[in-house]
Amino acid sequence: MNEDVNGHRHLLAIADVDRDFIISLLDSARSFAEVSTRPIKKVPALRGRTIANLFLEPSTRTRISFELAAKRLSADVISFSRTTSSISKGESLKDTAKTLVAMGVDAVVIRHSSAGAPKMLTGWVDCSVVNAGDGMHEHPTQALLDLFTMRERLGHLEGLKVAIVGDIDHSRVARSNIQALNKVGAEVLLVAPRSLLPERIEEMGVDITGSLEQALEWCDVLYLLRIQLERVEESRFPSLREYTLQYGLTKPRWQNLKRKPLVMHPGPMNRGVEIESSVADEVESVITGQVTAGVAVRMAVLYELLGGSHG
Amino acid sequence: MNEDVNGHRHLLAIADVDRDFIISLLDSARSFAEVSTRPIKKVPALRGRTIANLFLEPSTRTRISFELAAKRLSADVISFSRTTSSISKGESLKDTAKTLVAMGVDAVVIRHSSAGAPKMLTGWVDCSVVNAGDGMHEHPTQALLDLFTMRERLGHLEGLKVAIVGDIDHSRVARSNIQALNKVGAEVLLVAPRSLLPERIEEMGVDITGSLEQALEWCDVLYLLRIQLERVEESRFPSLREYTLQYGLTKPRWQNLKRKPLVMHPGPMNRGVEIESSVADEVESVITGQVTAGVAVRMAVLYELLGGSHG
Amino acid sequence: MNEDVNGHRHLLAIADVDRDFIISLLDSARSFAEVSTRPIKKVPALRGRTIANLFLEPSTRTRISFELAAKRLSADVISFSRTTSSISKGESLKDTAKTLVAMGVDAVVIRHSSAGAPKMLTGWVDCSVVNAGDGMHEHPTQALLDLFTMRERLGHLEGLKVAIVGDIDHSRVARSNIQALNKVGAEVLLVAPRSLLPERIEEMGVDITGSLEQALEWCDVLYLLRIQLERVEESRFPSLREYTLQYGLTKPRWQNLKRKPLVMHPGPMNRGVEIESSVADEVESVITGQVTAGVAVRMAVLYELLGGSHG
């Protein structure tokens, strides 16, 4: 979390936060998770605050997750996406954001196709900024909800063995998770063909393998990335069939395992590509658990940025 | 109303409910109708509950009616339609619904082009489901608001003589109304050319005529269905001109009547097709009354499913 | 403000209101502006009321401004625009509006491409109507927020010298501002080529000049209109380059001024057309101040129409 000269707090990247912040946020998220199990799923923590959802890349899951998080804290939410908004036509992100803030917005939750857009925003606006995914850079709340899920299911994070499988190079989810896992003392193994790994990724403190079998033997958590089908056309990507053969969690692979890892996925799953449909059905409760955790973690983030007595 | 093994209650079809449920729901709707006449049109009945509007077929009236019903019960609402939602792209209805429910949604209100989609949903999700129209199957809240309107205007339902005019075969509104009217002891007469009647429709306990004049002599309520103009191209449909001549409520037909029935229409009306514009103006207050009743009936349904002490 | 025979109050045009109304509304807006500076930016003034945003022309700024104004008064808001609404397809504005009102809407805020549409609406519906911009006719809340900004910044309105620069002929913003400024005793000078001035505009009590230099010497407030780029193709419009040369607030023009006027713009600015980007940066705080004023003024308008003890 960053705090700017005006005392506004932002969540832009896992790179900016330390272990203590992560752990304290996960603790706070646990209390908020309890709120969502009550018949009255609402606390007055952010009553009268206004949160703007500025989603300039298509997204429904993350947008609705932030919207619900804000509403359960009793905040008002204004949402706009590229499609419904004339504001973004012929107007720069800067002018759009300044307009929002002039209307009295307390936080902007932004998804943008360019890495660094949320950080630029903090230089322009007089309010908190939350990165909801920026280009191939980071998606910090996704990493936090993933860690939350691992800790709730397995009881601890330190020393946890996490294998991340897929197109690491294009994945902001992977970038945020690798750093978050490192910070809390988990070990990370990347499973991917060399062509889908960023250069010098080893410097991030991870191990690498091309063998899913080896990873399955080793890991406590198997984290499958979503294959973006439009990338498969690119030259350095294997064919879908080849990808599934080498890196897909197929039924035989799954059934052969004596000790089954926790299988996670940021959703939505490509059934039949990164995971066989029958295996997906078996592990589905963890993946919907990630969705549930998402609301709780985002409540904790918004509360931390806007509701705390710091800043 | 159905109750599933987990204790969740659903409203999927008029076929599933009995007379007592209908009458008790209409009684409850009467109290909620009173709420909408107050300066402060809001009760705290469902505060902290979350209702998802999942409209996968274009609709504004019904969607806004459910949205207002939920808000007047103090529930939070999240809405998404096919157009604004990337969630439905490349993701099955099942995965979309599971994601919503994982976020802590208490009820899904669904409109879908396939008959049976709401029922399928109940097998997948751990929350209440309301059918807001599924293909050519049912539209149960429409039938309930129609009965509400008839009872408020005419004082009773039992023995009421209702003529339903138009394209019965493609109409989920007709299917739900026929069953609801049968259950409360009203008599139903269908007015349509044979080509627009489903086979073996007589088995639903209705009479049939091809003569609007005969129906007008007989009925207490004349229920005009909306002609879907895109169907007129189909071979078994008469031309528009022919339809209006035979089945339209024209000014001469209306003026000739000694005893005028209550004229109803689910809206929006095709002025000049199923009803002449000047007649529409005369009977408009009943039709806007149906719209008003819609909010009250949907408040009663949501309250019955989520707020009751049963289940 | 108009009051109809049913006691509903409307804000349709500055032409309809008098000086006292304007001044009292600006006073009321000042109190509401204070609400937006609080941590809890909300008052219960319109709790349980429902406001419909019916935006049939693209707009995000004004729509969100009204939405926030309503939410800060604790009202419920339903929004629909041309794109998301099937209600407007094949259904007249009249039937759409009647449907909304039948659902219990207390006020309709309407933007429409046809001059006079808001006024027509008042004849059809049993609720308050606010004009949020109708064709080339009026945009009354824009004028009110502009006057609010002038008064807050310069301390008074009477005797204020305001130059309005640009395409007066197509501008509802200009039409509303000219009338509002006249009513409160300000002087108005229009700066435009003859081809962009309506005929007989002098009868509105304004002076005219073709010289921006002359206006800059004279004015306390320089109000730049937004150039609608699609109009530039039309024959009576100068080329963009020519426009900027003659009527643009360029850096040399700005730097040469000994006494700098307050620069205002309804937004979004075309940087490099009606104003040079570096000048825009210098005067930006006033323009975002207009945006902030917009929420306060719209809160005052909605409260005046719906919350007052009159009517």
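As the structure is a computational prediction, the values presented were derived from the model and not from experiment. (Residues numbered from 1 in each chain as written. Chains lettered and ligands numbered in written order. Predicted model: local features only at pLDDT ≥ 70, side-chain atom pairs only at ≥ 80, totals over all residues.)

A separate point is the relation of the copies chain A and chain C. Expressed as a screw operation, the relation of chain A to chain C combines 0.1 Å of axial shift with a rotation of 120°, fitting to an RMSD of 0.0 Å. The superposition of one copy onto the other is thereby described by a three-fold rotation axis. When the interface residues of chain A are mapped onto chain C, a mere 6% of them again lie at the interface, so each copy presents a different face. (Least-squares fit on C-alpha atoms with pLDDT ≥ 70 in both. Contact = placed C-beta atoms within 7 Å.)

To continue, consider the interface of chain C and chain B. In this complex, chain C contributes 17 residues to the contact, which on the side of chain B involves 23 residues. Looking at the side of chain C that touches chain B, the elements that each hand over two or more residues are strand S4 (76-81) and helix H3 (93-102) of chain C. Ranked by residue count, the leading element in the side of chain C that touches chain B is H3 of chain C, at four residues. Grouping the amino acids of the side of chain C that touches chain B by side-chain chemistry returns five nonpolar, seven polar and five charged. (Helix = DSSP H or I, 4+ residues; strand = E, 2+ residues; numbered from the N terminus. Nonpolar A, V, L, I, M, F, W, Y, C, P; charged D, E, K, R; others polar.)

To continue, consider the pairing of strand S7 (residues 161-165) of chain B. All names here are of chain B. Burial analysis of S7 places four of its five residues in the buried class, which makes it a mostly covered element. Where S7 meets strand S8 (residues 187-191), five bridges bridge the pair, whose relative direction is parallel. Residue pairing for S8: Lys-161 is matched across the bridge by Glu-187. Taken together, S7, helix H6 (residues 172-183) and S8 form a β-α-β motif whose crossover is right-handed. With four bridges joining them, S7 and strand S10 (residues 221-224) adopt parallel strand pairing. For Ile-164, the partnering residue across the bridge sits in S10 and is Tyr-223. (Buried ≥ 20, exposed ≤ 12 C-beta atoms within 10 Å, placed from the backbone. Pairing = 2+ DSSP bridges. Right-handed = clockwise from strand over helix to strand, strands pointing away.)

Counting 297 residues, the largest nonpolar core has Val-108 and Leu-302 of chain A, Val-108, Val-165 and Leu-302 of chain B together with Val-108 and Leu-302 of chain C as the members making the most contacts within it. In contact with Val-108 of chain B, not counting residues within four places along its chain, are Ala-52, Leu-54, Ala-97, Leu-100, Leu-121, Val-125, Cys-127 and Val-129 of chain B. (Core = buried A, V, L, I, M, F, W, Y, C linked by C-beta atoms within 7 Å.)

Right, let's get into the relation of the copies chain C and chain B. Mapping chain C onto chain B is achieved by rotating through 120° and translating by 0.1 Å along the same axis, at an RMSD of 0.0 Å. The residues that chain C uses at the interface reappear at the interface of chain B in only 6% of cases, marking distinct surfaces.

A word on the sheet that holds strand S3 (residues 50-55) of chain A. Residue and element names in this part refer to chain A. If you walk across this open sheet you meet the four strands as S4-S3-S5-S6, and the pairing is parallel. Only two strands of the sheet have a single neighbouring strand rather than two, namely strand S4 (76-81) and strand S6 (128-134). Each neighbouring strand pair of the sheet contributes to a mean axis angle of 15°, computed without reference to strand direction. Inspection of the sheet shows S3 paired to strand S5 (residues 107-112) by five bridges, in the parallel sense. When the bridges of S5 are listed, Ile-51 appears paired with Ala-107. On top of the sheet, helix H10 (residues 277-306) reaches S3, S5 and S6; it is set at about 150° to S6, its chief contact. (Axes fitted to C-alpha atoms, helices over the stretch in contact; angles between N-to-C directions.)

In this section: the domain arrangement of chain A. One widely used convention gives an interface's size as the accessible area the parts lose upon coming together. Residue and element names in this part refer to chain A. In terms of domain boundaries, chain A breaks down into domain 1 (2-139 + 294-306) and domain 2 (141-291). A separation of 26 Å is found between the C-alpha centroids of domain 1 and domain 2. Of the residues forming the side of domain 1 that touches domain 2, the biggest block, six residues, is contributed by helix H1 (residues 19-35). The class makeup of the residues in the side of domain 1 that touches domain 2 is eleven nonpolar, five polar and six charged. (Domains from an automatic or database assignment.)

Residues and elements named next belong to chain B. Geometrically, the link from Gly-267 to Pro-268 is a cis peptide bond, its omega value of -15° lying close to zero. Within the element layout of this structure, Pro-268 appears in the loop between strand S11 (262-264) and helix H10 (277-306). Although it is not a glycine, Arg-200 sits at a positive phi angle of roughly 55°. Structurally, the position occupied by Arg-200 is in the loop between S8 and strand S9 (207-209).

In this assembly, 18 residues from chain A lie in contact with 23 residues from chain C. The set of elements that each furnish at least two residues to the side of chain A that touches chain C consists of S4 and helix H3 (93-102) of chain A. In terms of residue class, the side of chain A that touches chain C is built from five nonpolar, eight polar and five charged.

You can see Ile-168 of chain B is positioned in the loop between S7 and H6. Aside from chain neighbours lying at most four places away, what touches Ile-168 of chain B is Ala-174, Leu-190, Ala-192, Leu-196, Leu-197, Pro-198 and Ile-201 of chain B.

Residues and elements named next belong to chain B. Taken in spatial order, the five strands of this open sheet run S9-S8-S7-S10-S11, and their pairing is parallel. The sheet is open, and its two edges are formed by S9 and S11, each paired on a single side. Averaged over all pairs of adjacent strands, the angle between their axes in this sheet comes to 20°, without regard to strand direction. In this sheet, S11 lies alongside S10 in parallel orientation, the contact comprising three bridges.

Turning our eyes to something else, we now look at the packing of helix H3 (residues 93-102) of chain B against helix H4 (residues 117-124) of chain B. Between two packed helices, both the angle of their axes relative to each other and the distance between the axes serve to describe the pair. Residues and elements named next belong to chain B. Two elements in contact, H3 and H4, have axes separated by 10 Å at closest approach and are oriented at 55°. Comparing the axis directions of H3 and H4 gives the class oblique. Note that H3 runs across H4; the crossing there is right-handed. Residue-level contacts link Leu-93, Lys-94, Ala-97 and Lys-98 of H3 to Ala-117, Leu-121 and Trp-124 of H4. Of the residues that constitute the contact of H3 with H4, the class distribution is five nonpolar, no polar and two charged. (Parallel < 35°, antiparallel > 145°, perpendicular 65-115°, else oblique. Left-handed = near helix turned anticlockwise from the far one by under 90°.)

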